[in-house]
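# A closer look at the structure
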Amino acid sequence: MVNLLISQLRSVDRRWEVGMAALAWLLIPLVAAIAAALWGSWANRTRRIRSDGPELDGYARFREAMEKSTSGT
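The paragraphs below set out a description of the structure included in this document. Owing to the predicted nature of the structure, the values given are computational and were not obtained by experimental measurement.

Parameters at a glance
- Counting from 1, residues in each chain are numbered in the order their sequence is written.
- Local features in this predicted model are restricted to residues whose pLDDT is 70 or higher, and side-chain atom pairs enter the listing and the counts only when it is 80 or higher, whereas totals over whole chains, interfaces and linings include all residues.
- As a rule here, side-chain values come from all non-hydrogen atoms in the structure, and water together with hydrogens is ignored.
- Note on conventions: DSSP H or I runs of at least 4 residues are helices, E runs of at least 2 residues are strands, and numbering of each starts at the N terminus.
- Here's how the labels work: a residue is buried when its accessible area is under 20% of the maximum for its type, exposed when over 50%, partly exposed in between, all with a 1.4 Å probe on protein chains only.
- Shrake-Rupley sampling with a 1.4 Å probe provides the accessible areas, and residues are treated as covered by the protein chains on show and by no other component.
- We define a salt bridge as a side-chain nitrogen of Lys or Arg found within 4 Å of a carboxyl oxygen belonging to Asp or Glu.
- Surface patches are defined over residues having more than 30% relative accessible area and no salt bridge, joining like charges when they lie within 9 Å and nonpolar side chains (Val, Leu, Ile, Met, Phe, Trp, Tyr) when within 5 Å.

### Some details on the overall build of the protein chain
When you go through the protein chain residue by residue, the secondary structure sums to two helices and zero strands. Classification of the 73 residues of the protein chain by burial places 0% in the buried group. By element, 66% of the accessible surface of the protein chain is carried by carbon and sulfur atoms, the whole surface being about 7,200 Å².

### A closer look at the pattern of salt bridges
Evaluated as defined, the whole model comprises one salt bridge. Across the salt bridge formed by Arg63 and Glu67, the nearest N and O atoms sit 3.9 Å from each other. Here Arg63 and its partner Glu67 are both found in helix H2 (residues 53–71), four residues apart, which amounts to about one turn of the helix. Note on Glu67: relative accessible area 46%, which makes it partly exposed.

### As for a nonpolar patch on the surface
Residues Trp16, Met20, Leu23, Leu27, Leu30, Val31, Ile34 and Leu38 make up a contiguous nonpolar surface patch of about 800 Å² in total accessible area. Looking at the secondary structure, you find Ile34 in helix H1 (residues 2–43).

Structural data, given as C-alpha cells:
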C-alpha cells in the first residue's frame, strides 16, 4: 500500500516536470516575439528630418571651384 502511494507521488512529480518543460519551450518563442516587436518598433521610430542645406551648399561650392579651375585654362 505504501509503495502504491509513493509511486503515485512520483508520477505527479513527473507530470509536473513535463508540464514545466513544455511551458519553457513555449516561452522561448514568446520571448523572441516580444523582443522582435520591441526591435521593430525601435527600428521604425520617427527620426528628426534633416534638411539637405549643408550638402547642397557644399555641392554648390564644389561646382563653383570646378568652374573656376576650368575657365582659367
